[in-house]
Amino acid sequence: MRPLPSETVFVLKVFKEDHTKMKLGIVGLPNVGKSTLFNSLTKAGAESANYPFCTIDPNVGIVPVPDERLQVLTDMYHSAKTVPAVIEFVDIAGLVKGASKGEGLGNQFLSNIREVDAIVHVVRCFEDSNIIHVDGSIDPLRDIETINLELIFSDLEVLERRISKVARAANNDKTAAKELAQLKKLKAHLEEGRMAKTFEPEGEDEEAWFKEYNLLTAKPVIYAANVAEEDLADDGAGNAQVQSVKDFAKEENSEVFVICAQIEQEIAELEEDEKKMFLEDLGLAESGLEKLIKASYRLLGLISYLTAGPTETRAWTITEGTKAPQAAGKIHTDFERGFIRAEVVSYENMVSCGSYNAAKDKGLVRSEGKEYVVRDGDVILFRFNV
């Protein structure tokens, strides 16, 4: 796999409990391949069957981010352990039209993905008479609209609760009155069927409140176009349904990747060397997991820098544009607080020289200060004092 991409622009709060974990929530109608995809990505064995609502409790799986650079550095340093970046996937029960009014299993499971960084929306783009579609036919844009409306309804419930709370204070508090006005504008925006991501807060206060609401329709979206095996090799180029999803995603600046969830499940059962052969036989350069990770990193504007030594080699996920002290803070707050400098060498230079010391002898290790913006693939040694 190529080093993870460093381009793109979207910035979100990504670091949670362990400072490196990104969370993605998987949504979709029943029987679109959602839980099959989750199983293949995480090997967590969420129940998957050909009937609606077989996933009732949210399923959670932790997946390491594939990055070949880590093994190279591990071998170079004879590191005792290798620690990749990880992604947490959360899979919830399939939604149906009217879920907000209690249809199907309702929309109560949406609360389980309110804390995710981005939403993976699985859309069915294949025909199969043996697999029931809840609406009786295959129409990905209709399916996307159904899910989006349910997300909007869920967000409206959040806003209505917030309005009720803020309204009590608005008569005697100018700040509360200002927020109430914004809440009403935002509510009207959603009631017109528009996503929160197209709402434009005005000023720092409104920006801060908007982030606080943590609305589902404000989150970036990655569409997983689930196709039949024969559409996989050309990335769905000959599938009109996939093209319609790509056109829709382009309009809203979302990402799309094409998968065959059933094939992904087969790949997940294979050993690493078998996996490569299987992908080659199918004419594929990479697995669906690798496609999804690249799409996630692009959408969220993420890169990875690396640390290496005898104890461990590790990848640290940061937002593109992060400066050296803040990148150091992902390891430990003391590193940021007592930051002195960062000794930096690019992964490519490190590998071509064969060692850190050889790179240093050739003048390829740079001493960078507080204003240095960390790049994807930087191998860094932080100097600090507290």
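Preceding this paragraph is the structure being described.
Since we're looking at a predicted model, the values are computed, not measured.

### A look at the pattern of salt bridges
Now for step 1: As enumerated under the stated definition, the model contains 23 salt bridges in all.
Now for step 2: Here aspartate 67 ties to arginine 69 by a salt bridge, and the two come within 2.8 Å at their closest N and O atoms.
Now for step 3: Residue classification places arginine 69 among the buried positions, given a relative accessible area of 3%.
Now for step 4: Among the ionic pairs, glutamate 371 bridges to lysine 323, the shortest N-O distance being 2.5 Å. Taken together, the positions of glutamate 371 in the loop between strand 11 (366–368) and strand 12 (378–384) and lysine 323 in the loop between strand 9 (312–319) and helix 10 (324–329) put the pair 48 residues apart, joining distant regions of the chain.
Now for step 5: Note on lysine 323: relative accessible area 30%, which makes it partly exposed.

### Some details on the packing of helix 7 (residues 261–268) against helix 8 (residues 272–281)
Now for step 1: Between helix 7 and helix 8, whose axes approach to 9 Å, the crossing angle comes to 150°. Overall, the two elements helix 7 and helix 8 adopt an arrangement that is roughly antiparallel. Residue-level contacts link Ile263, Glu266 and Ile267 of helix 7 to Lys275, Phe278 and Leu279 of helix 8.
Now for step 2: By residue class, the composition of the contact of helix 7 with helix 8 is four nonpolar, no polar and two charged.

### Focus: the side chain of asparagine 226
Now for step 1: Position of asparagine 226 among the secondary structure elements: in strand 6 (residues 221–226).
Now for step 2: Residue classification places asparagine 226 among the buried positions, given a relative accessible area of 3%.
Now for step 3: Apart from the residues within four sequence positions on either side, asparagine 226 is in contact with Val32, Gly33, Val122, Val123, Arg124, Cys125, Phe126, Ile259, Cys260 and Ala261.

### Overview of the packing of aromatic side chains
Now for step 1: Summed over the entire model, instances satisfying the criterion amount to six aromatic pairs.
Now for step 2: Ring centres 6.5 Å apart and planes at 20° place the aromatic pair tyrosine 305 and tryptophan 316 in the stacked group. Here tyrosine 305, found in strand 8 (residues 302–307), pairs with tryptophan 316, found in strand 9; they are eleven residues apart in sequence, far enough to count as distant. Taken individually, tyrosine 305 and tryptophan 316 each receive the classification buried, so the pair is uniform in this respect.
Now for step 3: Ring geometry for tyrosine 305 against phenylalanine 382: centres 5.8 Å apart, planes inclined by 85°, an arrangement best described as edge-to-face. In this pair, tyrosine 305 sits in strand 8 while phenylalanine 382 sits in strand 12, placing the two residues 77 residues apart along the sequence.

### A look at the sheet that holds strand 2 (residues 59–64)
Now for step 1: Within the open sheet, the six strands sit side by side as 2-4-1-5-6-7. Their pairing is mixed. With partners counted over all chains shown, the strands left at the sheet margins are strand 2 and strand 7 (255–259), one partner each. Recorded for the sheet is a direction-independent mean angle of 25° between the axes of neighbouring strands.
Now for step 2: Where strand 2 and strand 4 (residues 86–91) come together, six bridges link them in antiparallel fashion.

### Concerning helix 9 (residues 288–300)
Now for step 1: Here helix 9 contains 13 residues, and its C-alpha end-to-end distance of 18 Å stays within 8% of the 18 Å for a straight helix at 1.5 Å per residue.
Now for step 2: With twelve of its 13 residues buried, helix 9 lies for the most part within the structure.
Now for step 3: At the exit of helix 9 stands glycine 301, carrying a positive phi of roughly 65°.

### Quick word on the pairing of strand 5 (residues 118–124)
Now for step 1: Of all the seven residues making up strand 5, seven are buried; the element is thus mostly covered by neighbouring parts of the structure.
Now for step 2: Judged by which residues are buried, strand 5 turns out to be covered on both faces: Ala118, Val120, Val122 and Arg124 on one side and Ile119, His121 and Val123 on the other are all buried.
Now for step 3: The sheet contact formed by strand 1 (residues 21–27) and strand 5 spans four bridges and is parallel. If you follow glycine 25 over to strand 5, its bridge partner there is isoleucine 119.

### Quick look at the nonpolar core
Generally speaking, a soluble globular protein has its nonpolar side chains buried in company with each other.
Now for step 1: Ranked by internal contacts, the top residues of the largest apolar core, which has 70 residues, are Leu24, Phe89, Ile113, Tyr223 and Leu292.
Now for step 2: Top element by residues in this core is helix 9. It accounts for seven residues.
Now for step 3: The contact partners of leucine 292, leaving out residues within four places of it in the chain, are Leu24, Leu41, Phe89, Val120, Ile222 and Phe257.
Now for step 4: In this structure, Leu156, Val158, Ile163 and Leu180 belong to the second largest nonpolar core, which totals 19 residues.

### A few points about the pairing of strand 7
Now for step 1: For strand 7, a buried count of five out of five residues is recorded, marking the element as mostly surrounded by other parts of the structure.
Now for step 2: Burial of the side chains of strand 7 extends over both faces: Glu255, Phe257 and Ile259 are buried on one face and Val256 and Val258 on the other.
Now for step 3: Here five bridges tie strand 6 to strand 7, and the two strands are oriented parallel to one another. Its bridge partner lying in strand 7, alanine 224 is registered against phenylalanine 257.
Now for step 4: In the classification by handedness, the crossover that spans strand 6, the intervening helix 6 (residues 240–251) and the parallel strand 7 is right-handed.

Criteria and thresholds
Residues numbered from 1 in each chain as written. Predicted model: local features only at pLDDT ≥ 70, side-chain atom pairs only at ≥ 80, totals over all residues. Heavy atoms only, no water. Salt bridge = Lys/Arg side-chain N within 4 Å of Asp/Glu carboxyl O. Buried < 20%, exposed > 50% of the residue type's maximum accessible area, 1.4 Å probe, protein only. Helix = DSSP H or I, 4+ residues; strand = E, 2+ residues; numbered from the N terminus. Axes fitted to C-alpha atoms, helices over the stretch in contact; angles between N-to-C directions. Parallel < 35°, antiparallel > 145°, perpendicular 65-115°, else oblique. Contact = heavy atoms within 4.5 Å. Nonpolar A, V, L, I, M, F, W, Y, C, P; charged D, E, K, R; others polar. Phe/Tyr/Trp six-rings, centres within 6.5 Å; stacked < 30°, edge-to-face > 60°. Pairing = 2+ DSSP bridges. Expected span 1.5 Å × (residues − 1). Core = buried A, V, L, I, M, F, W, Y, C linked by side-chain atoms within 4.5 Å. Right-handed = clockwise from strand over helix to strand, strands pointing away.

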